Amino acid sequence: MSTGSARSSYRHDIDGLRAIAVLAVIANHVNKSLAPNGFLGVDVFFLISGYVITSSLSRRPATNWSDWLASFYARRMKRLMPALLVCIAVTVLLGSLVIPPYAPAAGSSWRTGISAIFGLSNLYLHSTATDYFAESSDYNLFTQTWSLGVEEQFYFCFPLLLWLTGFAQGRVHGARRLALTIGGLGLGSLVLYLALADRDAAGAFFLMPARFWELGLGCLAFLTVQRRGRLHRLLQRVNPLWFALPLVTLLFVLKAWITTATLAVAALTWLLLVALRPGSAVHGLLTRPIVLWLGGLSYSLYLWHWSVLVLSRWTIGIHPWTMPGQLGLMLLLGWISYRWIETPGRQARWPGSRAATIWVGLGAAGLTALTLLGFERTALATVFRGRPAASTRQEVERSTIPGTTVTKANCSWYRGEGPPLAQSSHLCTLPTRTAGGPRLLVLGDSHAGHLTGLLERLHREDGIGLRLLYVHGQLVPLSPELETRAWKALDKAQQARLIKRTMAELQPGDVVVVSNFLPSVFGIDRRNRFADERGQPLTRDQAYALWLGDLETLAQRAALKQVPVVVLLPMPKFARGRDLPPPELCVQEWFRPLLDPGCELQAKRTQLGREIQVLTNGLKAASERQPNLLLYDPFPVLCPVGPTCRNYHGGRRIFFDDDHLNNQGGTLLHGDFRRFLNRHGLLTLDHQS
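This is a predicted model, so every value here is computed, not measured. (Residues numbered from 1 in each chain as written. Predicted model: local features only at pLDDT ≥ 70, side-chain atom pairs only at ≥ 80, totals over all residues. Heavy atoms only, no water.)

Engineer: Can you lay out the overall build of the chain for me, pointing to particular residues and giving the numbers?
Structural biologist: Scanning the chain for helices and strands turns up 29 helices and 15 strands. In terms of its C-alpha atoms, the chain occupies a principal-axis envelope of roughly 90 × 55 × 50 Å. Counting every position in the chain, which comprises 689 residues, the buried fraction comes to 58%. Here the contacts in the chain between residues at least 6 apart in sequence split such that 77% fall between residues at least 24 apart. Surface summary for the chain: the accessible area is close to 29500 Å², and the carbon and sulfur share equals 60%. (Helix = DSSP H or I, 4+ residues; strand = E, 2+ residues; numbered from the N terminus. Buried < 20%, exposed > 50% of the residue type's maximum accessible area, 1.4 Å probe, protein only. Contact = heavy atoms within 4.5 Å. Areas by Shrake-Rupley, 256 points an atom, 1.4 Å probe, with all protein chains shown as cover.)

This is the structure:
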C-alpha cells in the first residue's frame, strides 16, 4: 500500500487517525480533565471525511449525473443509516425508562433524535440555542449527532461541486478547478467561522457553512496527495512526528482557546494526511492492529459512547469505580453495532436499484421518526419506571401551579418576549373561593415566579385569590432614575406596565406582594454598574437608597386605596462551582441510588446572614417610615437554626437551583406566611396552621 498514491484502494493510517479522534472525544465526554480539548476530535473527523469522500468519488468517474449521484447517496445511506437508526431507537427505549417524561431533557432528546434521523440535529440544537459546552447538553441523549448533521448537509452540496468542476467526470484540469472552488468557498467559510466565534458561538459550532472549511481542507489534502506536487514531496520528507505530537498534545493535554485550538488541530490534521508515509514511526503506530480495530469501530463507537454516558448520568452516575464498566460497555456496543449492523448494512445487496436503496433508507428513517413521535405522545409516561410524577414534580418544578394556567410561559416576560399583558392578566389570575374574598397580587422578578408552591396552597387550602405577573431580572418598583446595563429597555417598559395596571386595579382587601432577588442587584453579586438618569455613576449603596425611596412611593400609592404592600426579605443564595444538574437528577429513584454531588448545596448560616444584612436593614428602615410596607422573612423557615444552611429539607430538595425555590420550597413557607398574614390582620382565614 502506498499512502501517497491517489489511486490507493485504502489508507489504513486514516483508520488510525480515526481511532485517535474517537478516543479524544470519548475521554473529553467522560471527564473533561482527561482531554480538555478532546471534543476537537470531531474536527479531525471532518477533515478525514473530506479526504475520504473525495478519494472515493475520484475512483468512480461517470458521465451520467443521475446515476453517479444516486450511487453516491446509496452508499452513504447504506454506510450511515442502519447503525444510526438502531442506536436512536434503542437509546430512546432505554432513556424512556429512566428519564421522567416531564423533564425538559426528555422532550429535547426526542426532538434531537428525530432531527438526527434526517441529518438536521445540528440545526435543531442551534435553533434552541443549545450550548454544546453547557451542562444541559450532557443530559440530551443525542447531542453527539450534531456532527453527523454537518457532514450529511455537506454531502448535499459537495457532489454538485465535483460535478460542476469536471472532477467527477475525470476531465482535464478538473482537479485544479475543484481545488480553486473548494479553496475559495473554504476561505469564505473560515471567515464566517471566525466572525461567528465572537458573535454566535453556537452558530460557529453547529452550522455547516461555518464548518465547510474543515471538510474542504480534507478535500484539498487529497488533491495535494493526488497531484504529488512540490508541497507533497516536501512534506513527505518531514518526519510526521512533528505534526502528530502537537496534535495529540492539543487533544489530550492542553486547554487552549477554542478558536485557536480548532485552527491548530485542523492544520495539523491536514499536514498529517499529506505527510504520513509507510515506514515512518507514526505510520507504524497508526496501523497497529488494536489501533486499526478501534478506527474501524469509530462510527459505531461514536454513536454508542454518548448513549452509555447519558444513560449513566440519569442512573448510576459516572464515577471512577463505574468507568471501567462503562468504557467496556461502550466498546461492546460499538463492536456489536459494527459487526452486526454497520458492516452488513454497508456490504449487503439492498433490494432494487440505487434509487430504490435510497427510498428504502428514507422510508426506514421516516417510519422510525413517526414511531418515536407517536411513542413520545402516547407511551412515554407509561414506560417510565421511576416514581409517579405526582410524588416528585414539586421537587423539580417552579413557576407553575399544576392544573391551572398559571405557568412561566403565561405569567412572565424575558428580553421583551412574552404574551400580551391582557392575556397574561386573565390566564394568571385565580379567583377567590368566595365573592369579595382576599386576593394577593404578586409582582417582581423571577423570585416572584418561584413562589408558586406557596401560592398554590394559599389558593387551594385557604381560598385566597391571586394574580402572578413578573419580568425576569427586573426589580419592582423599577425607578426611571436608576439605570444599569443588565436591565433591558423592553423589559423595563413591561415592568412599568405591570405596576401601572396593578395600581389601577387595587381595591380594599387586596395585598400586593413584592419579591425580588435583591442580593443579585445590590448585594453579593457585583455584576451591576449603576448610574442615574443623567448617566452619572452611582455606588451600590446610593442605588439601593434610590430604589428604597421608590418602594416607599409605591407603598404610599397603595395606601391611598387601603392596600398593604408585603415585601419578601432576601432568601438564601448558595455558591456553586459549576452548573447544577437537572433537578430531575436530584430526586432519589431505585435506579439512581447515588445523587449527583452537585445536587446538594450548603453554606454557613452566619455568612449568608451577613451578606444580606445591609439589604435587610434598609428595608426595615423603609418599613418603619411607611406603615403599610410590611416585611416577611422566609429565611428562618428555609434556613433553620444551625451552623449550616442546605438546599434540602427533610430529605427533599427545596431549591430549583442556587437561589430559586422549587414548588416544594414554596409549599414549605405556607404555614409561616399564613400566620404572618393573620398576625398583621390582613386576611381572615378559617383555620390556623
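Engineer: Tell me what's going on with the state of the cysteines, and back it up with residues and numbers.
Structural biologist: Applying the stated rule across the entire model yields 2 disulfides. Between Cys 411 and Cys 428 runs a disulfide, and the two sulfur atoms are separated by 2.0 Å. When the S-S torsion is -105 degrees, as for the bridge of Cys 411 with Cys 428, the disulfide is left-handed. Of this pair, Cys 411 sits in helix H19 (residues 408-411) while Cys 428 sits in the loop between helix H20 (421-427) and strand E2 (429-430), and the two are 17 residues apart along the sequence. Cys 411 gets classed as buried once you look at its relative accessible area, which sits at 0%. Assessed through its relative accessible area of 0%, Cys 428 is described here as buried. (Disulfide = S-S within 2.5 Å.)

Engineer: Explain the nonpolar core to me, using residue names and the numbers behind them.
Structural biologist: Nonpolar side chains tend to gather and get buried jointly when the protein is soluble and globular. Counting 125 residues, the largest nonpolar core has Trp 68, Ile 88, Trp 146, Leu 162, Leu 303 and Trp 314 as the members making the most contacts within it. With 16 residues, helix H3 (residues 65-98) is the largest single contributor of residues to this core. Residues within four places of Leu 303 in sequence aside, it is in contact with Ala 83, Leu 84, Cys 87, Gln 144 and Leu 148. Of all hydrophobic cores here, the second largest spans 80 residues; its members include Val 513, Leu 518, Val 563 and Leu 677. (Core = buried A, V, L, I, M, F, W, Y, C linked by side-chain atoms within 4.5 Å.)

Engineer: I'd like to hear about helix H12 (residues 258-275), residue by residue, with values.
Structural biologist: At 3.6 residues per turn, the α-helix brings residues three or four places apart onto the same side. Here H12 spans 25 Å end to end across 18 residues, near enough to the 26 Å set by a 1.5 Å rise per residue. Where the residues of H12 are buried, they touch helix H1 (12-30), helix H2 (41-58), helix H7 (174-199), helix H9 (212-227), helix H10 (230-236) and helix H11 (241-252). (Expected span 1.5 Å × (residues − 1).)

Engineer: Break down a nonpolar patch on the surface for me, with residues and values.
Structural biologist: Taken together, Ile 290, Trp 293, Leu 329, Leu 331, Leu 332, Trp 335, Ile 336 and Trp 340 make up a surface patch of nonpolar side chains, about 750 Å² in accessible area. At 6 residues, helix H15 (residues 323-347) tops the list of elements feeding residues into the nonpolar patch. Turning to its location among the elements, Trp 293 is positioned in helix H14 (residues 289-313). (Patch = residues over 30% accessible without salt bridge, like charges linked within 9 Å, V, L, I, M, F, W, Y side chains within 5 Å. Salt bridge = Lys/Arg side-chain N within 4 Å of Asp/Glu carboxyl O.)

Engineer: Tell me about the sheet that holds strand E10 (residues 565-568), and please be specific about residues and values.
Structural biologist: In spatial order, the strands read E2-E4-E3-E7-E10-E12; together these 6 strands make up an open sheet with mixed pairing. Each edge of the open sheet carries a strand with a single partner, namely E2 and strand E12 (629-632). Pairing of strand E3 (residues 439-444) with strand E4 (residues 465-468), which is carried by 4 bridges, proceeds in the parallel orientation. Looking at the pairing, Arg 439 lines up with Gly 465 of E4. Sitting on the sheet, helix H29 (residues 670-679) touches E3, E10 and E12, and the angle it makes with E12 is about 155 degrees. (Pairing = 2+ DSSP bridges. Axes fitted to C-alpha atoms, helices over the stretch in contact; angles between N-to-C directions.)

Engineer: Any chance you could break down unusual backbone geometry for me, citing the residues and the numbers?
Structural biologist: In this model, Val 476 is joined to Pro 477 through a cis peptide bond whose omega is -10 degrees. Within the element layout of this structure, Pro 477 appears in the loop between strand E5 (470-471) and strand E6 (482-484). Its identity as a non-glycine residue notwithstanding, Arg 228 has a phi of 55 degrees, on the positive side. Summarising the element assignment, Arg 228 is placed in the loop between H9 and H10. Look at Arg 228 and you get partly exposed, because its relative accessible area is 44%.

Engineer: Please set out the packing of helix H6 (residues 146-164) against H7 residue by residue, giving values where relevant.
Structural biologist: Between H6 and H7, the least distance of the axes is 9 Å, while the angle of their chain directions is 140 degrees. With respect to H7, the element H6 is oriented oblique. Considering how the two elements wind past one another, H6 and H7 form a crossing that is right-handed. On the side of H6, the interface is formed by Phe 158, Leu 161 and Leu 162, while H7 contributes Leu 178, Thr 181, Ile 182 and Leu 185. (Parallel < 35°, antiparallel > 145°, perpendicular 65-115°, else oblique. Left-handed = near helix turned anticlockwise from the far one by under 90°.)

Engineer: So what about the packing of aromatic side chains? Which residues, and what values?
Structural biologist: As enumerated under the stated definition, the model contains 26 aromatic pairs in all. Considering the side-chain rings of Tyr 193 and Trp 213, the 5.7 Å spacing of their centres and the 50 degrees angle between planes classify their relative orientation as tilted. Of this pair, Tyr 193 sits in helix H7 while Trp 213 sits in helix H9, placing them 20 residues apart in sequence. When sorted by exposure, Tyr 193 lands in the same class as Trp 213, which is buried. With centroids separated by 6.3 Å and ring planes inclined at 80 degrees, the aromatic side chains of Phe 384 and Phe 591 adopt a geometry described as edge-to-face. In this pair, Phe 384 sits in the loop between helix H17 (380-383) and helix H18 (389-396) while Phe 591 sits in the loop between E10 and strand E11 (602-604), placing the two residues 207 residues apart along the sequence. A single burial state applies to Phe 384 and to Phe 591, both of which are buried. Among the aromatic side chains, those forming a connected cluster through ring pairs are Phe 72, Tyr 73, Phe 154, Tyr 155, Phe 156, Phe 158 and Phe 212. A cation sits over an aromatic face here: Arg 339 above Trp 340, 4.3 Å from the ring centre. Cation over ring: Arg 398 sits above Phe 656, and NZ or CZ is 4.5 Å from the ring centre. (Phe/Tyr/Trp six-rings, centres within 6.5 Å; stacked < 30°, edge-to-face > 60°. Lys NZ or Arg CZ within 6 Å of the ring centre and 35° of its normal.)

Engineer: Account for H2, naming residues and giving values.
Structural biologist: For H2, with 18 residues, the first-to-last C-alpha span of 26 Å sits near the 26 Å given by 1.5 Å per residue. The buried count for H2 comes to 17 of 18 residues, which makes it a mostly enclosed element.

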